[in-house]
Amino acid sequence: VETKPFIVWTVATAMSETAEAVDPEVQERWNQDLTAIEESIRLMLGNRLQEAEDLLAASSEAVAKRDFRFDAGDHDMRGCFTFVSALMSLINGLASLENNQLDIVLERVHRADEELQLDGNWPGRTVLRGLCNLVAGVVEIMQGMPSKGVWHVLRSWFWLRNLESEAMMFDGHERGCVRSTALLALGVFNLFVSMLPPTAMKAAGWATGFHGGRDVALSQLRSCWEEGGIQAPFAGMVLIGFCVDVSSFLGEFRAERDDRLHTAKEILDWANQQYPGAFFFAGLEAGYLAAMRDLEGALAKLDQIKVSVENLPAFLFLVNVRRATFLLALFQWQAAGDAFADAVKVYQSVGRRALCPSLSLNSHLCYSRAGLEERAAEMLETCRSYNKEKKKWSPLDRASLRQAEAAHRANEAKAEEAQEGEGSKGEEEKGQEASAMESTWRSVLMLYLKICLVYRGVNFMKPDAGKEFLQMVQEETDLQQDADGRCVGLCIQAEAMRQGEHWEEALKLASDGCALQSELSPHGVKTGALHFCYLVLAYANFARGRPHAAQEALAKLSSIGVSDHFFQKQVEFKATHLRRLVGAEFEEYYREISVAARSQTKLVVELPEGTSAQWDFVLSAYTIDFAAIFIPDSGEAEELQRLEQYEADAGPCEGTAGPFKLAGRLEMVFSNNFSYRGAKVFNAVCSLKTWWCGRRSRAVQQRNHSCRQAASDTKPWKKK
């Protein structure tokens, strides 16, 4: 943040220079309106949501009485006030769990857009109209209308696309507010679109001309925060949320996330000075502490927050759920069960039903793991009671209700087994049924699955706790008698290793899970465990420098065919992130090599003493001869690998060698001398990596035994 004082000084200087030419009355009105917005934001961040809304309403009434002088730089700020009020209403409504709060917010956003059209034509109006469409789209997605919501988000680009030229370089007396709002709008838009699947990204680019991305988004948001403008706290919150939680959900690697966590700490330190005690920043700080593996500190922070939000049901609900997830990562089963149960009670107190089945089941699993059977039975019945409700449940709640019934049947079967000689069924028949019931309900494994896959709890665990968790999962996996159960257990272990970035172990566990594919039942495939195994397999291969193998695993993931599995969202976002990384890896390391008929191409890399090398290539079609030869600076050449008529259908070809005791060069020869077709062309891709020297290769093409340096030697290797 070393540049922050300079940036703020520059913006302030520009404002003061232009402010001299503004009519004093217009400037005074602008200052009053800006002060009202800044104060309302401060009230909101201080958990005084209703006071913030009241201030905006009073300011809007005052503006309505003015005679506007648009030609002198005056503005009708009612649309701005209504838009900010809509955001306040969204937060206030969600916090108090008001009925139809999303409908109310949507109505206010549309009214704000209409009122903005009453203002004069200036960049501030443009950016706010874009934000209206952006917020409307987000609200519609929250209402369960994803197609309409995404359309509105993308439509906002028609207002936002010119901001970089119009708003960012705006020189009017409103510059500080306009620039800050433009940076926030562009950053949020770019961040949202960057998380869409690649096909949707292409559609967005085709429909809007948008060419941004995640790095651009984060840079814009950071600039918005660093400049300290009116939108700085919102940009800070978005950045912290991404760094602390979204980053791990997307599957970013630890080194990248560590850099992001450093950014989050900077913003949190700033927020503690600017907005002490603000609930939003305090909640984000708890997430930051957990991401830093300080679970005790995170729980202490949540306990502080809990006292201040007793009268805000939604915030209290979120605190209880967050506490439960952190307690799970500490293996405090009873306390976690209590926290989940408290969250259910909060929703029940205001007549809400969504998520109650899932959280009741979570509480049941925690109590069962703690050996508190009476409490476990009580929470199971609470979950099952929602089967009687006439409601369109979310996929998560529907799955929880089905699982609760499976748990109930398994408990009944155990009770029948305990009553020897009772009941109408024969002993053999009852035993077969009980075994079948238990094979579909695995309470302990289900709890571990939620800890690792749903809540990504291994990210929060210290190394010793991570090892302890893995041991618990291994023991439970060994008890499974069928392929479905073993695959779930291996999936949990593999994902735990991915979160800990232990790539050798992750590769083995994921491979073992994928090997069970042919033995899985249809229900076993729909659990999503197989999908997660292929995902971890792809991650592990990529991390070990094998992007070809990562691509192959991703292709197999896509070919499974079951798209409505339990972990669809978790897998889809991570796979999207990894596909982009794999594409970037090909662009950075791989070179397209064409070998004409009756010719050969040689790749040569200089190897210092003590170096190891790894290579791989993929043939686009037909066949090719290949040889890898090490030629030391002194001594005889050593053939490392030779392949005759290697077929494209065989997939990637890989090889490794070293460490080499002597310095020398590695020559890889791709030969098409056996082909007599004049126009026959091979397209091969080859990657060379040296573990200690990290030098790029140099390509030399040989035709009819005459060698010359290949052209464009320094260009990035392209994907083929």
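Residues numbered from 1 in each chain as written. Predicted model: local features only at pLDDT ≥ 70, side-chain atom pairs only at ≥ 80, totals over all residues. Heavy atoms only, no water.

Visitor: I'm lost on the overall build of the protein chain in this one. Help?
Guide: Along the backbone of the protein chain there are 30 helices and 10 strands. Counting every position in the protein chain, which comprises 720 residues, the buried fraction comes to 55%. Long-range pairs, those at least 24 residues apart, make up 71% of the contacts in the protein chain with a sequence separation of at least 6. Carbon and sulfur atoms make up 52% of the accessible area of the protein chain, which totals about 32600 Å². (Helix = DSSP H or I, 4+ residues; strand = E, 2+ residues; numbered from the N terminus. Buried < 20%, exposed > 50% of the residue type's maximum accessible area, 1.4 Å probe, protein only. Contact = heavy atoms within 4.5 Å. Areas by Shrake-Rupley, 256 points an atom, 1.4 Å probe, with all protein chains shown as cover.)

Visitor: Whenever I open this one, the nonpolar core confuses me. Can you help?
Guide: If you look at soluble globular proteins, the nonpolar side chains tend to sit buried side by side. Leu45, Phe281, Leu328, Phe469 and Ile492 are the most contacted members of the largest nonpolar core, which has 176 residues in total. No other element matches helix H28 (residues 529–543), which puts 12 residues into this core. Excluding anything up to four places from it in sequence, Leu45 contacts Pro233, Met237, Tyr275, Ala278, Phe279, Phe280 and Phe281. (Core = buried A, V, L, I, M, F, W, Y, C linked by side-chain atoms within 4.5 Å.)

Visitor: It is not clear to me how helix H2 (residues 24–45) should be interpreted in this structure. Could you clarify?
Guide: One full turn of an α-helix is made of 3.6 residues, so residues set three or four places apart face in the same direction. For H2, built from 22 residues, the straight-helix expectation of 32 Å at 1.5 Å per residue is met to within 8% by its first-to-last C-alpha distance of 31 Å. For H2, the capping residue at the N-terminal end is Asp23, with a side-chain oxygen 2.9 Å from the backbone nitrogen of Glu25. Once H2 ends, the next one or two residues include Asn47, with phi positive near 70°. (Expected span 1.5 Å × (residues − 1). Polar contact = N/O pair within 3.5 Å; in protein donor to acceptor, adjacent residues only side chain to side chain.)

Visitor: I would appreciate a short explanation of the packing of aromatic side chains in the present structure.
Guide: Remark: the centre distance and the inter-plane angle together describe each pair of aromatic rings, the angle taken between the planes. Within the structure shown, the criterion is met by 19 aromatic pairs. Ring centres of Trp225 and Trp270 lie 5.8 Å apart, and the angle between their planes is 90°; this geometry places the pair in the edge-to-face category. Separated by 45 residues along the polypeptide, Trp225 in helix H12 (residues 214–226) and Trp270 in helix H14 (residues 254–274) bring together distant segments of the chain. Taking the centre distance of 4.2 Å and the plane angle of 15° together, the rings of Phe279 and Phe315 count as stacked. (Phe/Tyr/Trp six-rings, centres within 6.5 Å; stacked < 30°, edge-to-face > 60°.)

Visitor: Which parts of the structure should I look at to understand the pattern of salt bridges?
Guide: Opposite charge on two side chains permits them to pair, given that their charged atoms come into close proximity. A complete count under the given rule lists 29 salt bridges for this structure. Across the pair Arg66 and Asp33 runs a salt bridge whose closest N-O atoms are separated by 2.9 Å. Taken together, the residues span a long stretch of sequence, with Arg66 in the loop between helix H3 (49–64) and helix H4 (78–96) and Asp33 in helix H2 at a distance of 33 residues. Residue Glu107 is joined to Arg111 by a salt bridge in which the shortest nitrogen-to-oxygen separation is 3.5 Å. Here the residue Glu107 and the residue Arg111 both occupy positions in helix H5 (residues 101–116), the gap between them amounting to four residues, near one helical turn. (Salt bridge = Lys/Arg side-chain N within 4 Å of Asp/Glu carboxyl O.)

Visitor: How should I be thinking about the pairing of strand E2 (residues 600–607) in this particular structure?
Guide: Residues in a regular strand point their side chains to alternate faces of the sheet. Burial runs high along E2: seven of the eight residues are buried. Where E2 and strand E7 (residues 664–671) come together, eight bridges link them in antiparallel fashion. Its bridge partner lying in E7, Lys602 is registered against Val669. (Pairing = 2+ DSSP bridges.)

Visitor: Sorry if this is basic, but what is going on with the environment of Val127 here?
Guide: Tracing the chain through its elements places Val127 in helix H6 (residues 123–142). When the C-alpha positions of Val127 and Val178 are compared, they lie 7.8 Å apart, and in sequence the two are 51 residues distant.

Visitor: Explain the pairing of strand E3 (residues 613–619) to me, please; I cannot follow it from the model alone.
Guide: Most of E3 sits out of view: seven of its seven residues are buried. Where burial is concerned, the two faces of E3 agree: the one with Ala613, Trp615, Phe617 and Leu619 and the one with Gln614, Asp616 and Val618 are both buried.

Visitor: Help me out: how do you make sense of the state of the cysteines in this one?
Guide: Disulfides are covalent bonds that link the sulfur atoms of two cysteine residues. This structure, assessed with the given rule, holds zero disulfides. In this model Cys514 remains outside any disulfide bridge; the closest cysteine sulfur is found in Cys533, 5.2 Å from its own. A relative accessible area of 9% means that Cys514 is categorised as buried. (Disulfide = S-S within 2.5 Å.)

Visitor: So what exactly am I meant to see when it comes to the environment of Glu174 here?
Guide: Here Glu174 shows up in the loop between helix H9 (163–166) and helix H10 (175–194). Once the C-alpha coordinates of Glu174 and Gly73 are considered, the two residues, 101 residues apart in sequence, prove to be 9.1 Å apart. Residue contacts for Glu174: discarding those within four places in its chain leaves Trp30, Gly73, His75 and Trp122.

Visitor: What is the right way to look at unusual backbone geometry in this model?
Guide: Glycine aside, negative phi is the norm for most residues, and most peptide bonds take the trans geometry. Phi is positive for Phe331, close to 60°, though the residue is something other than glycine. With respect to the helices and strands, Phe331 occurs in the loop between helix H17 (313–329) and helix H18 (333–349). On the accessibility criterion, Phe331 (14% relative accessible area) is buried. In the Ramachandran plot, Arg598 falls in the positive-phi region, its phi being about 60° despite a non-glycine side chain. For Arg598, the position within the fold is in the loop between strand E1 (591–596) and E2. Take Arg598: its relative accessible area is 42%, and that puts it in the partly exposed class.

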